[in-house]
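# Structural characterization, general
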Amino acid sequence: MSAFQNKVIVITGGSSGIGKALANIALSQGARVAVCGRDRNKLSGQFPQAGEQLLCFQADVSKEQDCAAFVEAVVTKWGGIDVLVNNAGISMRALFEELDLKVLKELMDINFWGAVYVTKYALPSIRQRKGVIAGVSSIAGYRGLPCRTGYSASKFAMQGFLEALRTELLHTGTHVMWVCPGFIASNIRNVARGADGSAQKETPLDESKLMSAEECAGIIIKGIERRKRTIVMTGQGKLTVWMNKLFPSLSDKLVYNHFLKEPDSPLQHYK
Ligand SMILES: NC(=O)c1ccc[n+]([C@@H]2O[C@H](COP(=O)([O-])OP(=O)(O)OC[C@H]3O[C@@H](n4cnc5c(N)ncnc54)[C@H](OP(=O)(O)O)[C@@H]3O)[C@@H](O)[C@H]2O)c1
């Protein structure tokens, strides 16, 4: 029997990419799954076959009241929460000097505060069930990436928050972890914010060469089952984290050169 049979799993951002793939795997393993997104029709349209095992809830995680209502709906329907995956997130691509600060605030509101709000309301139930709180962070949470100041800040903040929380909960049986995917094929780069906050609408990467959201979600689900502390995915991701620890100033140059080569890299504006 799957470790997730009849467990209640809450996933923020289930309408696309990694969150949608996580929900599908959890459902296939017999879990009761609650997902949220900002558009109920778009969200429920992603799961045409799912029945009573799925709860689709319209919630914008940057709004505290939406997060409280989402958690309350899950607890009312199924009595409690075993696993929370803070997955909802957006990205950006712009030089900080050219960036409207409202973009950085939006990234913090969704990627950081969204995780804080849902965790705050879900924690009493998860602690009672000795469950798991997971955050979908990024390599950008270990290594600041150029043209992603707001994104990196939000992921560093999320990791600091989760590490502190893990330590607080050390003797409660509640597990706290985060996972750092490398580049994963999804919608994230299409909707990534540009300098003025509008979506960049196209990805600078060849998405067909990236790890799939399904493979990434499979790694996350196994990691949750085994209560891993952290998972850093992809060879490139592991190398980046390791290089940054051992050779930080060389890493600055390597990371700069990598992002300079992206099509239409904003770093070119300083050339
Ligand atoms: N793809 C990558 O290369 C990559 C790498 C490292 C980390 N990650 C992280 O993985 C997570 C998932 O990203 P993804 O790649 O799967 O991107 P995605 O395909 O764009 O999916 C993002 C999900 O987050 C939801 N979302 C965004 N803003 C929200 C808000 N304010 N309230 C509620 N839901 C919101 C979206 O739903 P709606 O738009 O329908 O609301 C969507 O379901 C993110 O935290 C991202 O930072 C991704």
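Bear in mind the structure is a predicted one, so any value in this text is a computation, not a measurement. (Residues numbered from 1 in each chain as written. Predicted model: local features only at pLDDT ≥ 70, side-chain atom pairs only at ≥ 80, totals over all residues. Heavy atoms only, no water.)

## Points about the side chain of Ser 125
Among the structural elements, Ser 125 can be located in helix α4 (residues 101-128). On the basis of relative accessible area, Ser 125 is assigned to the buried category, the value being 10%. With residues up to four places along the chain from it excluded, the contact list for Ser 125 reads Gly 80 and Ile 81. (Helix = DSSP H or I, 4+ residues; strand = E, 2+ residues; numbered from the N terminus. Buried < 20%, exposed > 50% of the residue type's maximum accessible area, 1.4 Å probe, protein only. Contact = heavy atoms within 4.5 Å.)

## Describing the packing of helix α1 (residues 17-28) against helix α6 (residues 213-225)
Contact geometry of α1 with α6 gives a least axis separation of 8 Å together with a crossing angle of 60°. On the basis of their axis angle, the class for α1 and α6 is oblique. Note on packing geometry: the crossing formed by α1 with α6 is right-handed. Contacts from Gly 17, Ile 18, Ala 21, Leu 22, Ile 25 and Ala 26 in α1 reach Ala 213, Glu 214, Cys 216, Ala 217, Gly 218, Ile 220 and Ile 221 in α6. Residue composition of the contact of α1 with α6, grouped by class: 10 nonpolar, two polar and one charged. (Axes fitted to C-alpha atoms, helices over the stretch in contact; angles between N-to-C directions. Parallel < 35°, antiparallel > 145°, perpendicular 65-115°, else oblique. Left-handed = near helix turned anticlockwise from the far one by under 90°. Nonpolar A, V, L, I, M, F, W, Y, C, P; charged D, E, K, R; others polar.)

## Notes on the site of the ligand
Around the ligand sit 30 residues, and of these Ser 15, Ser 16, Asn 87, Tyr 151 and Ser 186 come closest. At 2.7 Å from an oxygen atom of the ligand is found a main-chain nitrogen or oxygen belonging to Asn 87. In the model, an oxygen atom of the ligand is placed 3.0 Å from a nitrogen or oxygen of the Arg 189 side chain. Considered on its own, the ligand offers 890 Å² of accessible surface; in the complex 96% of this is hidden by protein. If you list the elements that add at least two residues to the shell around the ligand, you get α1 and α5 (149-168). (Near = heavy atom within 4 Å. Polar contact = N/O pair within 3.5 Å; in protein donor to acceptor, adjacent residues only side chain to side chain. Areas by Shrake-Rupley, 256 points an atom, 1.4 Å probe, with all protein chains shown as cover.)

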